[in-house]
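# Chains, contacts and geometry: an overview
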Amino acid sequence: MHNELFKFKDHDEEYCLSPTHEEAITKLVSSVCKSLPRSNYPLLVYQITWKYRNEPNYRHGLLRTKEFLMKDLYSFHRDEDCAHQIYEQVCNAYERIFQKLELNSFKVPADSGLMGGSLNHEFLAVSPVGEDTILICSKCNRGYLNNKTQCEHEDKVEQRAIELGHCFLLGDRYTKAFNAIEGSSDTAVDKKPLIMGCYGIGLTRLMAASVEILTSKDSNNIRWPKRIVPYEVAILPPKKGSPEETVGNEKTLGRLLQLDDNEWFVDDRTEFTIGYRLKDCEKMGIPIVIAFGKRATQQNLCEVIDVYNNRTEYLSYEETLKFIQNYYSLFC
Ligand SMILES: [Zn+2]
């Protein structure tokens, strides 16, 4: 850990860039917890922020980097029971998140290692570029780390995997050190350190893992989990100067543009052909492209391109909306 700490000097003062934020959060909580009423517990705080590691082996794009974005939740509790309850709820929520991303991931019991604490789980997605190893039991469809307790079945398959998230029940390791004590009353029993949990998802790594896992090796076109596509739909208006350029607002293109959906985007670089812009959409991994070339415009239809399944259909305005709705509702 020491080697990976990013250190630098400024005006003879030494600084470091933080690889984890347990200390900072616990210090913050310790400054307010003594005056917090009991009804504020469990206390849950979260952040989405950058972390740093002086990583000698940065590789695979965003998979292992010196600077990375993480989403962290920290929980503080007055007793162990509450801590276990929230720990389980958050772990289950994280498990559902990763399942919805369709990345073939597993929640596995793990070692606490440098973080300390009593209980922790890793979330690992199977991928040949992963740096971890996971043993998968096809009978109970669970994953295990090599050195940890496993199910009774034999013949587990060993796979490489990428760590996407990690949850820890930290006990009072940090709260004791930073004197984060629940003190709403003067009774001695309340003067004990809070119990703490932390729960992280590596966001930049999740993006990289998604691309690694879902994108075909011999394709330049990114594939995303449908839950985190940059845009659900791209609309390509006709090329500038083409006969179909002037389309009235009452026509399908005009009606689509009026929908003004934040998850859609309009590629209005109409100086380029439809084909050119479609290629860009495919590269970015936008799953549905609606193009207004000659045939679609003449027949007042939408050319609906299902990019991930390599299919094209000509649909009416209503059919198009239904198509999009069906496409994404499958993944709710
Ligand atoms: Zn098993």
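Bear in mind that the values here come from a model prediction, so they are computed numbers and not experimental data.

Analysis parameters
- Residues numbered from 1 in each chain as written.
- Predicted model: local features only at pLDDT ≥ 70, side-chain atom pairs only at ≥ 80, totals over all residues.
- Heavy atoms only, no water.
- Helix = DSSP H or I, 4+ residues; strand = E, 2+ residues; numbered from the N terminus.
- Buried < 20%, exposed > 50% of the residue type's maximum accessible area, 1.4 Å probe, protein only.
- Contact = heavy atoms within 4.5 Å.
- Lys, Arg positive; Asp, Glu negative; His and termini not counted.
- Charge placed at Lys NZ, Arg CZ, Asp CG, Glu CD.
- 1 Å grid on protein atoms, 1.4 Å probe; cavity = no way out; pocket = protein on both sides within 12 Å on 5 of 7 lines; lining within 4 Å.
- Points joined across faces, edges and corners; volume = space filled by probe spheres on them.
- Nonpolar A, V, L, I, M, F, W, Y, C, P; charged D, E, K, R; others polar.
- Phe/Tyr/Trp six-rings, centres within 6.5 Å; stacked < 30°, edge-to-face > 60°.
- Lys NZ or Arg CZ within 6 Å of the ring centre and 35° of its normal.

## Looking at the overall build of the protein chain
When its secondary structure is counted, the protein chain shows eight helices and 15 strands. A principal-axis box enclosing the C-alpha atoms of the protein chain has dimensions of 80 × 50 × 45 Å. Counting all 332 residues of the protein chain, 45% fall into the buried class. Contacts in the protein chain between residues at least 24 apart in sequence constitute 64% of all its contacts with a sequence separation of at least 6. Treating the 41 positive side-chain charges of the protein chain as one cloud and the 48 negative ones as another, the clouds have centres 1 Å apart.

## Quick word on empty space enclosed by the protein
Counting across every chain of the model gives one cavity of 30 Å³ or more. As a volume, the largest cavity reaches approximately 40 Å³. Around the largest cavity, the lining residues are V304, D306, R311, T312, E313 and F323. For the lining of the largest cavity, the element with the highest residue contribution is strand 15 (residues 311-315), accounting for three residues. Looking at the lining of the largest cavity, its residues break down into two nonpolar, one polar and three charged.

## Describing the packing of aromatic side chains
Counted under the stated rule, the structure contains eight aromatic pairs. Centre to centre, the rings of F8 and Y15 are 5.6 Å apart; their planes meet at 20 degrees, and the pair counts as stacked. Classification of F8 as partly exposed rests on a relative accessible area of 37%. Ring pairs connect the aromatic residues Y94, F98 and F123, which therefore count as one cluster. R255 extends its terminal NZ or CZ atom over the ring of Y317, reaching a point 3.9 Å from the ring centre.

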